[in-house]
Amino acid sequence: MIPIYLYLLLGSVSVPMLFSIFYMDLIKDWKSFSISTTIVAIVFLIWDAIFTHLGVWSFNADYSIGFNILKMPIEEWLFFFVIPFCSLFIHFSFQYILPDLKLARKSTQIIAIVFIVIATAIFFTNLSKAYTAVNYSFLAVTLIIGVLYYVDLLRRFFITFIIILIPFFIVNGILTGVLTPSPIVSYDDAENLGIRLITIPIEDIGYAFTMLFGNLMIFEWLKGRRRDNCADLI
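Remember, predicted model here, so these are calculated numbers, not experimental data.

### Section: the environment of F92
Part 1 of the reasoning: Its location among the elements puts F92 in helix α4 (residues 74–97).
Part 2 of the reasoning: Classification of F92 by relative accessible area gives buried; the value is 2%.
Part 3 of the reasoning: Sequence separation of F92 and I144 is 52 residues, and the distance between their C-alpha atoms is 23 Å.

Next comes the structure, spelled out in structure tokens:
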């Protein structure tokens, strides 16, 4: 047994931790980020546990430390805390280094609406596929909330998400078996579109966007509440 999953998480978190000396909202507002990450993690862990129970996906015990909760390795639980931290660290790094890097507001709205239409269409035409249906319904709702209330966040996140996809493909590629004889995480292709980017189900991109942008929206909402509370005390 080689706990590759754990090593992968430790390797992922090591880089942002090394650079955490820089001033960034993610570090300065760690309490708000901890709350937002926990809220999103709870939602995704419930989703994860149900899908694990139904066999939509499964985990190879040969690549984890062997401690499971609800049939999911502890590494899977840690995933929803480590990966948002690493990914949004990239987002805030670009915001810190390139503060003017953002799309035009109108372009952002058009892109979001196009993806909402696509996600909704995929949802309604694939109701029998559990991962596809749930994934794209979550994505559509996340984008609708984003375009209605958080367009300014989307203006930057649409760009930084493309950068985030680079380490995402590395991590998910390893999890889905690009380097191992058998996958660390296996998917039942009867429950998804069956389209793979090398070894990664295409649904995973929407899954990542929903998890990360959902986290970011809650994070910014909590920051806004904190600023309002501070202003009331002045």
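### Some points on helix α5 (residues 105–125)
Part 1 of the reasoning: The end-to-end C-alpha distance of α5 is 30 Å, a good match for the 30 Å that 21 residues give at a rise of 1.5 Å each.
Part 2 of the reasoning: Among the residues making up α5, those that are buried are T108, A112, I116, A119 and I122. Down the axis of α5, the smallest arc covering the buried residues is 135°, so these residues share one side. Projecting away from the buried face of α5 at angles above 90 degrees are the exposed residues K106, V117, F124 and T125.

### A closer look at α4
Residues separated by three or four positions in an α-helix point in the same direction, a consequence of the helix having 3.6 residues per turn.
Part 1 of the reasoning: The end-to-end C-alpha distance of α4 is 35 Å, a good match for the 34 Å that 24 residues give at a rise of 1.5 Å each.
Part 2 of the reasoning: Of all bends in α4, the biggest is about 35°, found at F80, and the proline P84 comes one to four residues later.

### Focus: the packing of α4 against helix α7 (residues 151–175)
Packed helix pairs are specified by the crossing angle of their axes together with the interaxial distance, meaning the distance between the axes.
Part 1 of the reasoning: Between α4 and α7, the least distance of the axes is 9 Å, while the angle of their chain directions is 140°. It follows that α4 is oblique to α7 by the angle criterion. Note on packing geometry: the crossing formed by α4 with α7 is right-handed. On α7, the residues touching F79, I83, S87, L88, I90, H91, F94 and Q95 of α4 are R156, F157, T160, I163, I164, P167, V171 and L175.
Part 2 of the reasoning: Split by residue class, the contact of α4 with α7 holds 11 nonpolar, 4 polar and 1 charged.

### Re the pattern of salt bridges
Part 1 of the reasoning: Considering all chains together, one arrives at 4 salt bridges under this definition.
Part 2 of the reasoning: We note a salt bridge from D152 to R105, for which the minimum N-O separation is 3.2 Å. Taken as a pair, D152 in helix α7 and R105 in helix α5 lie far apart in primary sequence, 47 residues in all.
Part 3 of the reasoning: Assessed through its relative accessible area of 44%, R105 is described here as partly exposed.
Part 4 of the reasoning: One salt bridge in this structure joins K223 and E220, with 3.5 Å as the shortest N-O distance. Highlighted residues: K223 and E220, both in helix α8 (residues 203–233), separated by 3 residues, approximately one helical turn.
Part 5 of the reasoning: Where salt bridges share partners, they join R105, D152 and R155 into one cluster.

The rules behind the values
Residues numbered from 1 in each chain as written. Predicted model: local features only at pLDDT ≥ 70, side-chain atom pairs only at ≥ 80, totals over all residues. Heavy atoms only, no water. Helix = DSSP H or I, 4+ residues; strand = E, 2+ residues; numbered from the N terminus. Buried < 20%, exposed > 50% of the residue type's maximum accessible area, 1.4 Å probe, protein only. Expected span 1.5 Å × (residues − 1). Arc of directions from axis to C-beta. Bend = angle between axes of the 7 residues up to and from the residue. Axes fitted to C-alpha atoms, helices over the stretch in contact; angles between N-to-C directions. Parallel < 35°, antiparallel > 145°, perpendicular 65-115°, else oblique. Left-handed = near helix turned anticlockwise from the far one by under 90°. Contact = heavy atoms within 4.5 Å. Nonpolar A, V, L, I, M, F, W, Y, C, P; charged D, E, K, R; others polar. Salt bridge = Lys/Arg side-chain N within 4 Å of Asp/Glu carboxyl O.

In short, shape yes, function no, at least from these values alone.
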